[in-house]
Amino acid sequence: MNIYAILPAAGTGSRAGFAENKLFRKAGGESVLRRSALAFARSARIAGLAVCVRGADRQAAQAELADIPNVLFVAGGATRTDSVKNALEALAALPCPPDFVLIHDAARPFVTQAVIDGCIDGAIKNGSAVCAVPCTDTLVRAENGFIAHDIGRENAYLLQTPQGFAFVPLLKAYRSIGEGEAFTDDSGVFAKYVAPPCLCAGERRNTKLTFAEDFAMDTFRTGVGVDTHAFGAAGGHIVLGGVQIAAKSGLRAHSDGDVLCHAVMDALLSAAGLPDIGHFFPDTDPQYKGADSMVLLSRVRAILEENGFAVNNVSAAILAKQPKLAPHIAQMKHNLAAALGIAESAVGISAGTNEGLGYIGRGEGITVIANATICSGSRIPRAKALRNAVI
């Protein structure tokens, strides 16, 4: 069974009020467009994707989906209906056109494999399958801003996408649309020119991101970072959290040896699923010789923001026999909070001596264990190489 997914992504997202297309905003660490496309690309039942984009967004869309195989980029139309028709015509021109298509709004990035499979099964069985959820709110019809009358909700459903159809009847239906006809989705086209579509189970979390507040999702991730540095460097002080503290010697390191900052940076990068600090600031690079770790921490914050995340809170346990750290913890909290753009109350720092055990108890070095939580944000990611077919 040859099945393709069509993703209309040619709108401007003007109702969200963003400066850029909302589909390039992040949702849980990935752009809305990429997350939607990946949901279908990961299905073994989907042979390929046809993504409808406007000319101004083509390059950005190609970059977002560069590593996804079998993606066709189709010119978007003036309306959603026009975009879908363009995609259907492009698929019809393939050497082996699909047997079925699933059409899914790219602005619904939380579609699950269960919903996709249910839609495919329904389309194969009935020729059509429109994802829907029962309406649970009271429905009314309004006139001039006043409630005119209730609408019974017993048989009312909220339609979603994907919407699956046998390819040939749907293509014929789209080719039958008359000038001036307007449809909000594919079920309307199918209903008018083929037959009443069948419903299949959607999910309430399969929501469409339309307005700016829809992007304010409480998606959190956690990460852990651990770092150790040994005493023995020249100098009579160490640096922890940007604070110089008198000590018998400095900590051995390529940078300033701020073991607290290093552990916190690794915790943040880990939470975002990114490589550790050795990747971003290698100790073989001369530019980081003696580098101020507070500056590097600020860069890690920027890296997270570029990948669609914001720092929520950090917590660190410093294990050191000496020097005494209690008098300096308040300043460390202040420095970390300032670098990460969070409140001091969102920074936790504790200090312990490891009960005199091991290298810590012998005063040979300092270890810091850090935890961090981050939440999803919304930035356009860096461009990637373009490697997909274009129609």
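Before going into details, it helps to say that this report is about the structure given with it. (Residues numbered from 1 in each chain as written. Predicted model: local features only at pLDDT ≥ 70, side-chain atom pairs only at ≥ 80, totals over all residues. Heavy atoms only, no water.)

This next bit is on the packing of aromatic side chains. One pass over the full model with this rule turns up three aromatic pairs. A centroid spacing of 4.9 Å and a plane angle of 35° characterise the contact between F165 and F190, whose relative ring orientation is tilted. Residue F165 is located in strand 10 (residues 157-166), and its partner F190 is located in helix 6 (residues 186-193); the two are separated by 25 residues in the primary sequence. By the burial criterion, F165 is buried, and F190 matches it. Residues F280 and F281 carry aromatic rings whose centres are separated by 6.4 Å and whose planes lie at 50° to one another, so their mutual orientation is tilted. By way of ring pairs, the aromatic residues F280, F281 and Y288 are connected into one cluster. A cation sits over an aromatic face here: K248 above F231, 5.4 Å from the ring centre. (Phe/Tyr/Trp six-rings, centres within 6.5 Å; stacked < 30°, edge-to-face > 60°. Helix = DSSP H or I, 4+ residues; strand = E, 2+ residues; numbered from the N terminus. Buried < 20%, exposed > 50% of the residue type's maximum accessible area, 1.4 Å probe, protein only. Lys NZ or Arg CZ within 6 Å of the ring centre and 35° of its normal.)

Below, the discussion takes up the packing of helix 3 (residues 80-92) against helix 5 (residues 167-175). Where helix 3 meets helix 5, the closest approach of the two axes is 10 Å, and the angle between their N-to-C directions is 130°. By the angle class used here, helix 3 and helix 5 are oblique. Considering how the two elements wind past one another, helix 3 and helix 5 form a crossing that is left-handed. Of helix 5, the residues touching helix 3 (which contributes T81, V84, K85, L88, E89, L91 and A92) are F167, L170, L171, Y174 and R175. Residue composition of the contact of helix 3 with helix 5, grouped by class: eight nonpolar, one polar and three charged. (Axes fitted to C-alpha atoms, helices over the stretch in contact; angles between N-to-C directions. Parallel < 35°, antiparallel > 145°, perpendicular 65-115°, else oblique. Left-handed = near helix turned anticlockwise from the far one by under 90°. Contact = heavy atoms within 4.5 Å. Nonpolar A, V, L, I, M, F, W, Y, C, P; charged D, E, K, R; others polar.)

Taking strand neighbours across the sheet as the criterion, the five strands line up as 15-12-18-16-17 in an open arrangement whose pairing is mixed. A strand with exactly one partner marks an edge of an open sheet, and here the two such strands are strand 15 (250-251) and strand 17 (347-352). As judged from the six bridges shared by strand 16 (residues 309-319) and strand 17, these two strands associate in the parallel manner. Each residue of the ladder has a partner; that of L319, found in strand 17, is G352. Of the strands in this sheet, strand 16 and strand 17 are in contact with helix 10 (residues 329-340), which crosses strand 17 at around 145°. (Pairing = 2+ DSSP bridges.)

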